[in-house]
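Working through the structure, step by step
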Amino acid sequence: MSALAVIDERLLTRGHGLAGHRRFVRVLRSTRGAVTTISDAELMARIARRDEGALSTLYDRYAGATLALAERVLGDRAEGEDVVQEVFVRVWEDPTRYSEARGSVAAFVLSAARNRAIDRLRRRGARERATERASERLAKVSLPEPVDDTDKRVRRALDGLPEDQRRTIEMAYFDGLTQTELAQRLKQPLGTIKSRIRLGMGKLRDALLGVMEP
Amino acid sequence: VSHAEFEDLCAAFALRALDGPDLEKLRAHLPTCSACRQRVAEFEESSTWVALGLAPVQPSADVKSAVMKRISGPHGQARPASGGGALSPLAAIAIAVATLALGAAAAAGWLYLDAAGDVRRLEAEAAALQADKAALELKAMTVDVVREDLRRAKQALADAQAHGAQAEADLAAAQAELERLRRIEALLQDLDTQIIPITKKLDERAGDGQVRLLWRGAELALVGEGFALRPDQTLQLWTTLDGKAVTSAGLFKDLRPGGGVVGLHTLPGPPGDVAAFIISLEDADGSPDPHAPVGPAILISE
């Protein structure tokens, strides 16, 4: 393992997670002009070659974000950790499901986590309670301070959404509600819900497309 | 559903929020449209940032241990980590010790160096294959885009050809109608043309309808007005020859409400043999018998 990779690993394992990794990449770029840390895509290629160290690194990069998402959807830490375990074992078992041409590794891992969490949510039939909890959390959530340019762009894009669009997208994303269910829940016409999703997602896409790292 | 409407559905589909008929329509559309598949992928990518806006929550150490244990089992088929992976300090020390031992052995022979060379070569080949795979995936996506554009271009050409054929048919029909009306106009202007009113009612169903016959030689033109016909009805002109035989001289086609020129026909026999003209009320296609009205005879020439 190179010294740079060791530094990156320490940033990850000491709880800095993805933000620490991105800051590390930024520092490397500013001081050396080239990035020597291992890219997500390269990690996936190594996982495909049965390199368990690569899976360990990928886990360190995204386990924190994955658990935050799963816990937010399910409202339960233990069940969220089950999802984290399932996701990374699944990445190991079938890494060919990832295609670099179709998107980032982050999107691949987090989409898998969200799908599993929402499937669990739907199976246990507790959407009503989860939605109420999620709605309560919407007002209470306290986001971390942005640490780099990418974080700031994410924050600006999310904060820049009108409140009704952000709330509708978050309820769809975290609570797994369909458009029809959202219309009932928010007591709005279905056409209004469709417009909020279309406009809000369009703004996120325009603002954030192409900024994924590493 | 227009393509723009499909594009509008992609955001909700990427969020898994689409339901009902919209979901079915987009599911059927996506396999045929690379542009919409790309759009869905972009929305899925950007929706990920909703999750990345959350503060990370580190799982307990037990979770990672469980993951690594499961992938290292008999079904996991893991191999030891390569240089770029993340290893615990203990594992790194263990590997370092093992490497030192192997290095000591290798110092006496060529086996280790040869194996290390093989590993580098295989890793280089794997990297090259990975690059090839990425290039092929990009090529496949490009082929999809080009094929979709080609399919649309072919459809546009077929639509244009169909439109052109219809336009040609419409033009031919308009020219035929113009020719027919010019012949009727010439017939009307000819001083030798007789104008014969057929106004004697034989049946109440004639209503206030009247027919005037423009007759010159063997040519007949008919002008009708005042009839209240249903869409499934038509009038049919009959000639009685030598006072006995009855022969159809044509249907009143395209009789407009309020009247108009309705037909241009040729007498079925010598004009001198015509004794009378009769109008009958028939179904839309006329009488099935060419020598006798099936519907009621409603008008006759005096």
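Calculation rules
- Residues numbered from 1 in each chain as written.
- Chains lettered and ligands numbered in written order.
- Predicted model: local features only at pLDDT ≥ 70, side-chain atom pairs only at ≥ 80, totals over all residues.
- Heavy atoms only, no water.
- Helix = DSSP H or I, 4+ residues; strand = E, 2+ residues; numbered from the N terminus.
- Buried < 20%, exposed > 50% of the residue type's maximum accessible area, 1.4 Å probe, protein only.
- Contact = heavy atoms within 4.5 Å.
- Areas by Shrake-Rupley, 256 points an atom, 1.4 Å probe, with all protein chains shown as cover.
- Pairing = 2+ DSSP bridges.
- pLDDT = per-residue confidence, 0-100.
- Core = buried A, V, L, I, M, F, W, Y, C linked by side-chain atoms within 4.5 Å.
- Expected span 1.5 Å × (residues − 1).
- Bend = angle between axes of the 7 residues up to and from the residue.
- Polar contact = N/O pair within 3.5 Å; in protein donor to acceptor, adjacent residues only side chain to side chain.
- Salt bridge = Lys/Arg side-chain N within 4 Å of Asp/Glu carboxyl O.
- Axes fitted to C-alpha atoms, helices over the stretch in contact; angles between N-to-C directions.
- Parallel < 35°, antiparallel > 145°, perpendicular 65-115°, else oblique.
- Left-handed = near helix turned anticlockwise from the far one by under 90°.
- Nonpolar A, V, L, I, M, F, W, Y, C, P; charged D, E, K, R; others polar.
- Phe/Tyr/Trp six-rings, centres within 6.5 Å; stacked < 30°, edge-to-face > 60°.
- Lys NZ or Arg CZ within 6 Å of the ring centre and 35° of its normal.

**Quick notes on the overall build of chain A**
Broken down by element type, chain A carries 10 helices and zero strands. Shown N-terminal to C-terminal, the secondary structure of chain A runs as helices and strands in the order α-α-α-α-α-α-α-α-α-α. Among the 214 residues that make up chain A, the fraction classed as buried is 54%. Pairs at least 24 residues apart make up 65% of the contacts formed inside chain A by residues separated by at least 6 positions. Surface summary for chain A: the accessible area is close to 9200 Å², and the carbon and sulfur share equals 47%.

**Here we look at unusual backbone geometry**
Note on backbone geometry: most residues besides glycine have negative phi, and most peptide bonds are trans. All names here are of chain A. Positive phi outside glycine occurs at Arg-50, with the angle close to 70 degrees. Tracing the chain through its elements places Arg-50 in the loop between helix H2 (40–48) and helix H3 (52–74). One non-glycine residue, Lys-187, lies in the positive phi region at around 55 degrees. With respect to the secondary-structure elements, Lys-187 resides in the loop between helix H9 (179–186) and helix H10 (190–208).

**Examining the pairing of strand S4 (residues 219–225) of chain B**
Residues and elements named next belong to chain B. For S4, a buried count of six out of seven residues is recorded, marking the element as mostly surrounded by other parts of the structure. Pairing geometry for strand S3 (residues 210–216) and S4, over seven bridges, is antiparallel. Of the residues in S4, the one forming a bridge with Val-211 is Gly-224. Linking S3 back to S4 in an antiparallel pair, the connection comprises two residues, with Gly-217 at a positive phi of about 60 degrees.

**Let's talk about the confidence of the model for chain A**
Residue and element names in this part refer to chain A. Summarising the model, chain A shows a mean pLDDT of 76, and 65% of its residues fall at 70 or more. Element-level pLDDT for chain A is lowest in helix H6 (residues 127–140), with a mean of 48, against a maximum mean of 94 in helix H4 (residues 77–93). Below pLDDT 50 for its whole length, residues 27–36 participates in 10 contacts with residues either more than four positions away or in separate chains. Across residues 134–144, confidence stays below pLDDT 50; counting only partners more than four residues off in sequence or on other chains, it has 17 contacts.

**Section: the nonpolar core**
Residues Leu-58, Phe-88 and Ile-197 of chain A are the most contacted members of the largest nonpolar core, which totals 77 residues. The dominant element in this core, judged by the number of residues it contributes, is H3 of chain A, at 13 residues. Leave out the neighbours within four places in its chain, and Leu-58 of chain A touches Leu-43, Met-44, Ile-47, Phe-88, Val-91, Val-105 and Val-109 of chain A. If you look at the next biggest cluster of nonpolar residues, it comprises 20 residues, including Leu-235, Phe-252, Val-274 and Leu-299 of chain B.

**Thoughts on H3 of chain A**
Residue and element names in this part refer to chain A. Taking 1.5 Å per residue as the helical rise, H3 with its 23 residues ought to reach 33 Å, whereas the 29 Å between its terminal C-alpha atoms falls clearly short. At Tyr-62, H3 is deflected by roughly 50 degrees, the largest bend along its length. Most of H3 sits out of view: 21 of its 23 residues are buried. Taking the backbone nitrogen of Gly-53 as reference, a side-chain oxygen 2.9 Å away marks Asp-51 as the first, capping residue of H3. Phi turns positive one or two residues past the end of H3, at Gly-75, with a value near 70 degrees.

**With respect to the pattern of salt bridges**
Residues and elements named next belong to chain A. Applying the stated rule across the entire model yields 20 salt bridges over all chains. The residue Arg-90 makes a salt bridge to Asp-94 at a minimum N-O spacing of 3.9 Å. Judged by relative accessible area, which is 21%, Asp-94 ranks as partly exposed. Beyond isolated ion pairs, a larger network of salt bridges with shared partners links Glu-79, Glu-86, Arg-116 and Arg-120.

**Comments concerning the packing of H2 of chain A against H3 of chain A**
Residues and elements named next belong to chain A. Viewed as axis vectors pointing N to C, H2 and H3 meet at an angle of 140 degrees, and their least axial separation amounts to 8 Å. For the element pair H2 / H3, the angle class is oblique. In this structure, H2 meets H3 at a crossing whose hand is left-handed. Between H2 and H3, the residues in contact are Asp-40, Leu-43, Met-44, Arg-46 and Ile-47 and Ala-54, Leu-55, Thr-57, Leu-58, Arg-61 and Tyr-62, respectively.

**A word on the packing of H3 of chain A against helix H4 (residues 61–72) of chain B**
Viewed as axis vectors pointing N to C, H3 of chain A and H4 of chain B meet at an angle of 155 degrees, and their least axial separation amounts to 11 Å. As far as their axial angle goes, H4 of chain B and H3 of chain A are roughly antiparallel. Our pair here, H3 of chain A against H4 of chain B, has a crossing hand that is right-handed. Between H3 of chain A and H4 of chain B, the residues in contact are Glu-52, Leu-55, Ser-56, Tyr-59 and Asp-60 of chain A and Val-63, Lys-64, Val-67, Met-68, Ile-71 and Ser-72 of chain B, respectively. Here the residues of the contact of H3 of chain A with H4 of chain B sort into six nonpolar, two polar and three charged.

**Side note on the environment of Gly-64 of chain A**
All names here are of chain A. Note that Gly-64 resides in helix H3. By relative accessible area, Gly-64 is classed as buried at 2%. Residues Gly-64 and Val-84 lie 20 residues apart in sequence; the distance between their C-alpha atoms is 9.0 Å.

**Concerning the pairing of strand S5 (residues 233–241) of chain B**
All names here are of chain B. With nine of nine residues buried, S5 lies mostly within the body of the structure. Neither face of S5 is exposed, since Gln-233, Leu-235, Leu-237, Thr-239 and Leu-241 on one face and Thr-234, Gln-236, Trp-238 and Thr-240 on the opposite face are all buried. Taken together, the nine bridges between S5 and strand S8 (residues 274–283) define a ladder with antiparallel strand orientation. Paired with Thr-234 across the bridge in S8 is Glu-282.

**Let's talk about the side chain of Glu-81 of chain A**
Checked against the element boundaries, Glu-81 of chain A lands in helix H4. Residue classification places Glu-81 of chain A among the buried positions, given a relative accessible area of 14%. In this structure Glu-81 of chain A touches Leu-67 of chain A together with Pro-59, Ser-60 and Val-63 of chain B, once residues within four positions along its chain are discounted.

**A few points about the packing of aromatic side chains**
For the structure on display, the rule yields three aromatic pairs over all chains. Plain terms: the ring middles of Tyr-173 of chain A and Phe-174 of chain A are 5.2 Å apart, the flat faces sit at 90 degrees to each other, and that makes the pair edge-to-face. In this structure Tyr-173 of chain A comes out as buried when scored by relative accessible area, which is 2%. The class for Phe-174 of chain A is buried, based on a relative accessible area of 1%. Of note, Arg-205 of chain A hangs over the ring of Phe-43 of chain B, and the distance from its end group to the ring centre comes to 5.0 Å.

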